[in-house]
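Summary of structural features
Residues per chain, in single letters:
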Amino acid sequence: MWLKPEEVLLKNALKLWLMERSNDYFVLQRRRGYGEEGGGGLTGLLVGTLDSVLDSTAKVAPFRILHQTPDSQVYLSIACGANREEITKHWDWLEQNIMKTLSVFDSNEDITNFVQGKIRGLIAEEGKHCFAKEDDPEKFREALLKFEKCFGLPEKEKLVTYYSCSYWKGRVPCQGWLYLSTNFLSFYSFLLGSEIKLIISWDEVSKLEKTSNVILTESIHVCSQGENHYFSMFLHINQTYLLMEQLANYAIRRLFDKETFDNDPVLYNPLQITKRGLENRAHSEQFNAFFRLPKGESLKEVHECFLWVPFSHFNTHGKMCISENYICFASQDGNQCSVIIPLRELAISSESTEPSDNFEVQSLTSQRECSKTVNTEALMTVFHPQNLETLNSKMLKEKMKEQSWKILFAECGRGVSMFRTKKTRDLVVRGIPETLRGELWMLFSGAVNDMATNPDYYTEVVEQSLGTCNLATEEIERDLRRSLPEHPAFQSDTGISALRRVLTAYAYRNPKIGYCQAMNILTSVLLLYAKEEEAFWLLVAVCERMLPDYFNRRIIGALVDQAVFEELIRDHLPQLTEHMTDMTFFSSVSLSWFLTLFISVLPIESAVNVVDCFFYDGIKAILQLGLAILDYNLDKLLTCKDDAEAVTALNRFFDNVTNKDSPLPSNVQQGSNVSDEKTSHTRVDITDLIRESNEKYGNIRYEDIHSMRCRNRLYVIQTLEETTKQNVLRVVSQDVKLSLQELDELYVIFKKELFLSCYWCLGCPVLKHHDPSLPYLEQYQIDCQQFRALYHLLSPWAHSANKDSLALWTFRLLDENSDCLINFKEFSSAIDIMYNGSFTEKLKLLFKLHIPPAYTEVKSKDASKGDELSKEELLYFSQLHVSKPANEKEAESAKHSPEKGKGKIDIQAYLSQWQDELFKKEENIKDLPRMNQSQFIQFSKTLYNLFHEDPEEESLYQAIAVVTSLLLRMEEVGRKLHSPTSSAKGFSGTVCGSGGPSEEKTGSHLEKDPCSFREEPQWSFAFEQILASLLNEPALVRFFEKPIDVKAKLENARISQLRSRTKM
């Protein structure tokens, strides 16, 4: 690698470097201790330690080139290399391109200037694409060289950043370098001869957190596959931790959570990830979440400034955040004052008379009504119009609330650009008036921006989705009448039709989510207070921004927030944590709280107040309320003896939550029936409960919740993956002889191969094979290329010369439904036979590999490669299938995959398939088809290849020759009984006369004069004939019944799996 020319003093460096080559202008040196026997003694060890600790590749690389001029004591380092081959290329280039030119210069100064200019030009040319985005390209180049030298990962592995730190091995800290790349966390240390090299895949990380204890003031804890790793002594630990968190979450989303990743084009190309890019992305995500802006917004600039608050007549200090379409301001404490100004609705007037940089923003908000909405009124105004003539105490309170908001609007403005202050929060906590609820929900959720920038979108989607029929629409129809059935609005066709349109339109807009239970309950409440189009955009805001990943098939978002909730319980209610033996109780109880925003557990008149706070404060409001509820019931929960008793206590509490100020009619209020009864239980007003939750837990910050969400997302997804693994192992273990531990290790290797295939591929189709909605066994499937890699690692027959062909035929045999993919059950069944099968089972597997549908003639295009197949050839042969009648193909396809080609899953087909598998009888060897002559020739070749380099090689060759000869004679005798012509004479003589056959001999004999076979009638063998003949040879039986050390084989495969893709 070329280096930026820097001066080097040779006087002190001679002890560390040895001269390899030199001329008048350049010197090539080797690092002492490198390439010497015994590592160069004590000096070599000290030099290695120095190289590991210091941050300079010029001091670390084992080879370097210096530029010198005659009569000068100053040397310039211009190149370094990780190995002799690399540095020799640089040296040769200098001799061929530079040395001849230098003779024309008159002065040494001109020579030095020319060399420096040339080297800088080379560096600029090399690095203009790779390092342009890095803060210090030169330093980063050096770190990249060391990273590549230490770990030998493929060139496409993108190094994002690196840090100096200590890795704790037991109680001993090892100083070294931590490298963060797109797929791996790597650490390297070399101290006094002790080398530590650690590589952890991001997708294996289940826990990532900052910790501190007596020994370590602050460290980063990484848990991977049950092993704990601690890193400390960072200069900027927060920055390091955030980058690690982002890279881990990126890998998790890319490999496990494909639904989210598909919608995220920013991270689709791993080669484009940079440290600065990740930092900008993190800031943009926090900016969008805090101000409730559309997902595509990217934060451009942040400036500290003062905002003039006209109604208070003072300047408030805070930060102005600017994106493509919005200017936002938040005061320093976040709660005092905030403003969101869409650029589409403003005019900027500069005050040129003032010397300071002031500008005034005037909002030009205009209320625009969509001309094509389906329902132009909220259902509440249709079914419960307010009667001004009969004003009771509740209606008077409602009017007072409205008046308070009107006063606020007069002071702070109304619409998207209004000032949001502490007074705004206080009014929200008291409950938003019925008439303003829809407008303010739209405002606080940010849905008003989505609707403004997408006029007429909803009407178009409704028209396009009208009449569509799929699984989502069927589930919607089933749940329509279950959504607030006690409310008059949803006992009529008006409410039901509006609900159907909104849910169907959203399922059409976002097919990845489609429709999930709980969406109907939430949407029905939105329709009560918002117009139909507004309700649609509110649903978009909730599903896609405010509650991310809540409404997908695995409700990952809800599980993550439940984990956050458990963490908050440990922090704020430790006595409850000590009492509960199992924290999963809180998860099971609170799932409906999060999914329905308490609508399913609270009376409707109380639940809408919770929704008010949710749209203003986001998930923070739900977490705070959850803590307040547990705190309120703390004494009761501490006396509960089991989970059932605790659930009953909480349900009784919810039944007694009221909203004494609700203006809703008594026939609509769900809590009204309870409130009339005499009961010993204390009534709790929802307003008091929300106020208490704000007072006690209002100090929980948005930033802390975001950090906890990121941290717990890793844990939740890895827990789901562990559940998938355990379910797969439970199913597979019933059909194989491998132990559960061996199956576990095999599953890890199987899944790792799938991931390794897509680490360095852009838009890798492998990722499409992971579908969490499929049954557990079908979630991870591998193609023929990945199977070949695993076959080479795991199969005891992988030493065979035709191992690629064997891998191909085995894959074709396992791929029963001809979709060019196999799952873990199919994969493990073949491996189990190879490891633990009896002589008959192993022979039957080999026999089936040499007959259709597994067998196909294989020949590599490149003769020099022998039996080795390229990736393209392998995929081509794996897709060749034995021709079948069209109707039989369709029937078989429907049998194996009931969901394919249909709009919905065929449950009957699944049940039929399950029943067939349940009563599947063991395959009878008499049912196997006969093997023809060309297949038998290949079968014989395969056996010869398997015996190569075996200790009993000669006796095995002799045994197979005897068996082959015997089989051919039997066939000849049988044929003579029916026909006077001898059919197998030539082949019999060939094998018998081979003597002590070798692989080459056998091949030539078997392929000799193929035309002779065509002239004679075809001959074939049944499996029983081959089995009986081979059983007579003890050497063959010993070979196939030889025990295999499965544990050692799996351990070796696990170690070699990544190493096979690196230069290590």
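The structure under discussion appears in the preceding block.
The notes below deal with the structure included here. Computed from a prediction, not measured in an experiment: that's the story for all the values here. (Residues numbered from 1 in each chain as written. Predicted model: local features only at pLDDT ≥ 70, side-chain atom pairs only at ≥ 80, totals over all residues. Heavy atoms only, no water.)

Our next topic: the pattern of salt bridges. Pairing between side chains of opposite charge can happen when the charged atoms of each approach one another. All chains considered together, the criterion is met by 39 salt bridges. In this structure, the salt-bridge partner of D661 is K397, at a minimum N-O distance of 3.1 Å. Of this pair, D661 sits in the loop between β20 (657-658) and α28 (672-675) while K397 sits in helix α12 (residues 393-412), placing them 264 residues apart in sequence. Residue D661 is classed as buried on the basis of its relative accessible area, which comes to 14%. A salt bridge links K725 to E722, with the shortest nitrogen-to-oxygen separation between them at 3.5 Å. Of this pair, K725 and E722 both sit in helix α30 (residues 702-732), three residues apart, which is roughly one turn of the helix. Since its relative accessible area comes to 10%, K725 is described here as buried. Residue classification places E722 among the partly exposed positions, given a relative accessible area of 35%. The network of salt bridges with shared partners includes E20, R30 and R84. (Salt bridge = Lys/Arg side-chain N within 4 Å of Asp/Glu carboxyl O. Helix = DSSP H or I, 4+ residues; strand = E, 2+ residues; numbered from the N terminus. Buried < 20%, exposed > 50% of the residue type's maximum accessible area, 1.4 Å probe, protein only.)

On the surface, D582, D642, D643 and E645 cluster together into a negatively charged patch. Residue placement: D642 occurs in the loop between α26 (634-639) and α27 (643-655). (Patch = residues over 30% accessible without salt bridge, like charges linked within 9 Å, V, L, I, M, F, W, Y side chains within 5 Å. Areas by Shrake-Rupley, 256 points an atom, 1.4 Å probe, with all protein chains shown as cover. Lys, Arg positive; Asp, Glu negative; His and termini not counted. Charge placed at Lys NZ, Arg CZ, Asp CG, Glu CD.)

Checked against the element boundaries, S186 lands in strand β8 (residues 184-191). You can call S186 buried: its relative accessible area is 0%.

Moving on, we come to the sheet that holds strand β14 (residues 314-323). Strand order in the open sheet formed by five strands is β13-β14-β15-β16-β19, with antiparallel pairing between adjacent strands. Every other strand in the sheet has two partners, leaving β13 (299-309) and β19 (420-421) as the edge strands with one partner each. Pairing of strand β16 (residues 337-342) with β19, which is carried by two bridges, proceeds in the antiparallel orientation. Considered in β19, the bridge of S338 is made with R420. Of the strands in this sheet, β13, β14, β15 (326-331) and β16 touch helix α10 (residues 275-291), which is tilted by about 80° from β15. (Pairing = 2+ DSSP bridges. Contact = heavy atoms within 4.5 Å. Axes fitted to C-alpha atoms, helices over the stretch in contact; angles between N-to-C directions.)

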